[in-house]
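Take a look at the letters that make up each chain.
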Amino acid sequence: MSLTFDFFNTLIEPVDKNVSKRALKAVYDVGVKYGLTIGFDEFISKALAQWQKVLRKRIEEGTETLYDSHLLEVFKDVEMQSSKARAVIKESTSAYFKILTANVQLVEDTHEVIETLSETYRIGLISNFTYPPFIYSQLETHNLSDFFETVTISGDHGFSKPFPMIFTHAVHSMNMKPHNVIHIGDSLECDVIGAKKAGLKAIWFKRNDDEQQNEGEYRPDLTIHQLSELLEAKLDSLINDTRNCE
């Protein structure tokens, strides 16, 4: 039996809700150095609109957009000349992730939970992320790399949650069958519904009390509110319960 985990907002989280805005300000400042003339508020509006396109592609097509490609579209949208836009991408990407790296932390109990579970189960990671180097560096920084048998990141493969392909890839890389794998994540749509459609069991790490469980066909096999609950959960019984298996 194996467990796979989502990464961002499941194992690691921003230190506060304004981290993304500060990181975008760093991108904006680089743009200004290269001749960007619009105000910061307008830049953020356009950047967020482009980000929504990235999210829609994930949900509707199951495809991922690399961060540099996303930034290129942002700078095109603010009418920066193409030659300048391409020149600014590398520096902007570095600026964004420098801020993000300095302003994230492990979710409570992450290290203890992963280390303890790895003594019994094979552990993998399945993440939607546009810039894979960030995840690899965070795994090293927080001494988590050795616990993960496989790391599957959408930005490395071009396909994303909630589509089954990314789950299937991770499961196959562990030489497992989907019904013998439990996926844990905070997103009801990407982690729970995505995993269930791929034939995995799914545990919903419900971090937002306002988010309501779906009443559709794909429901979580277990809902938790703290990662430490996994240490007390009867995980083997979820695998042995075949009522929801095809």
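Within any chain, residue numbers begin from 1 and follow the written order of that chain's sequence. This being a predicted model, a pLDDT of at least 70 is required before a residue's local features are given, and a value of 80 or more before pairs of side-chain atoms are given or counted; all residues contribute to the totals for chains, interfaces and linings. Think of the side-chain values as coming from all heavy atoms in the structure, minus any hydrogens and water.

Caption draft 1: Focus on the pattern of salt bridges. What makes a salt bridge here is a side-chain nitrogen of Lys or Arg within 4 Å of a carboxyl oxygen of Asp or Glu, nothing more. By the definition in use, this model includes 10 salt bridges. A salt bridge links Glu 91 to Lys 33; the shortest N-O distance between them is 2.3 Å. Here Glu 91 is found in helix 4 (residues 82-102), whereas its partner Lys 33 is found in helix 1 (residues 19-33), with 58 residues between them in sequence. A simple rule labels every residue: compare its accessible area, found with a 1.4 Å probe on the protein chains alone, to the largest value its type can have, and call it buried under 20%, exposed over 50%, or partly exposed in between. A relative accessible area of 29% places Glu 91 in the partly exposed class. Arg 122 serves as the salt-bridge partner of Glu 149, at 2.5 Å between the closest nitrogen and oxygen. Taken as a pair, Glu 149 in the loop between helix 6 (132-141) and strand 5 (150-153) and Arg 122 in strand 4 (residues 122-127) lie far apart in primary sequence, 27 residues in all. A relative accessible area of 42% places Glu 149 in the partly exposed class. Residue classification places Arg 122 among the partly exposed residues on the basis of a relative accessible area of 31%. Numbered from the N terminus, helices here are DSSP runs of H or I no shorter than four residues, and strands are runs of E no shorter than two.

Caption draft 2: Summary view of the layout of surface pockets. Cavities and pockets were defined on a 1 Å grid built over protein atoms only: a cavity is a set of grid points that admits a 1.4 Å probe from which the probe cannot escape, a pocket is an open set flanked by protein on both sides within 12 Å along at least five of seven lines, and lining residues are those with an atom within 4 Å of any such point. Grid points are joined across faces, edges and corners, and a volume is the space filled by probe spheres set on the points. As a volume, the largest pocket reaches approximately 900 Å³. In terms of lining residues, the largest pocket is bounded by 30 residues, among which Phe 8, Trp 51, Leu 55, Arg 58 and Phe 129 are the most central. Within the residue set of the lining of the largest pocket, elements represented by two or more residues are helix 1, helix 2 (40-61), helix 3 (67-77), helix 4 and helix 9 (188-197). Element by element, the count of residues in the lining of the largest pocket is highest for helix 2, at seven residues. Each residue is assigned to one of three groups, with Ala, Val, Leu, Ile, Met, Phe, Trp, Tyr, Cys and Pro labelled nonpolar, Asp, Glu, Lys and Arg labelled charged, and all others, Gly among them, labelled polar. Looking at side-chain class alone, the lining of the largest pocket contains 15 nonpolar, eight polar and seven charged residues.

Caption draft 3: Region of the structure containing the environment of Ile 38. Turning to its location among the elements, Ile 38 is positioned in the loop between helix 1 and helix 2. Through-space distance from the C-alpha of Ile 38 to that of Glu 79 is 9.6 Å; in sequence the pair is 41 residues apart. Note on contacts: a residue pair qualifies if any of its non-hydrogen atoms lie within 4.5 Å across the two residues. In contact with Ile 38, not counting residues within four places along its chain, are Tyr 28, Phe 43, Lys 46 and Val 78.

Caption draft 4: Layout of the sheet that holds strand 4. When DSSP locates at least two bridges between a pair of strands, those strands are taken to pair. The strand order across the open sheet built from six strands is 5-4-1-6-7-8, with neighbouring strands paired in parallel fashion. At either end of the open sheet lies a strand with only one pairing partner, and these are strand 5 and strand 8 (222-224). For this sheet, the mean inter-axis angle between neighbouring strands, taken without regard to orientation, is 20°. Pairing of strand 1 (residues 2-5) with strand 4 involves four bridges; the strand directions are parallel. Along strand 4, the bridge assignment pairs Leu 3 with Ile 123. Across the sheet, helix 9 touches strand 6 (181-185) and strand 7 (201-205), and the angle it forms with strand 7 is around 165°. Here an axis means a line fitted to C-alpha atoms, over the contact stretch when the element is a helix, while the angle between two N-to-C directions is reported on a 0 to 180 degree scale.

Caption draft 5: Representation of unusual backbone geometry within the structure. Cis peptide bonds are those with omega within 30 degrees of zero, and the linkage from Lys 161 to Pro 162 qualifies with 10°. Note on placement: Pro 162 falls in the loop between helix 7 (154-157) and helix 8 (164-173). Phi is positive for Asn 143, close to 55°, though the residue is something other than glycine. By the secondary structure assignment, Asn 143 is in the loop between helix 6 and strand 5.

Caption draft 6: Geometry of the pairing of strand 4. Across the six residues of strand 4, five count as buried, placing the element largely inside the fold. As paired strands, strand 4 and strand 5 are joined by four bridges and run parallel to one another. Counterpart to Ile 126 in the pairing with strand 5 is Thr 152. By convention, orient the strands away from the viewer: a clockwise path from the first strand over the helix to the second makes the crossover right-handed. Remark: the strand 4/helix 6/strand 5 crossover connection has right-handed handedness.

Caption draft 7: Seen up close, the nonpolar core. Judged by nonpolar contacts, the single largest core of 59 residues is most densely connected at Phe 43, Phe 75 and Leu 230. When neighbours within four sequence positions are excluded, Phe 43 is seen to be in contact with Leu 24, Val 27, Tyr 28, Leu 36, Ile 38, Val 74, Phe 75 and Val 78. Counting 16 residues, the second-largest nonpolar core is a separate cluster that includes Met 176, Val 181, Leu 200 and Ala 202. Within this scheme, the nonpolar core is defined by two criteria: the residues are buried Ala, Val, Leu, Ile, Met, Phe, Trp, Tyr or Cys, and they are joined through side-chain atoms within 4.5 Å.

Caption draft 8: Main features of helix 6. Here helix 6 has its buried residues at Pro 132, Phe 134, Ile 135, Gln 138 and Leu 139. Looking straight down helix 6, one finds that the buried residues subtend no more than 155° of arc, so they occupy a single side. Facing away from the buried side of helix 6 by more than 90 degrees, the exposed set consists of Glu 140 and Thr 141. The directions considered for the arc are those from the helix axis to the C-beta atoms.

These results come straight from atomic positions and should not be treated as a statement about function.
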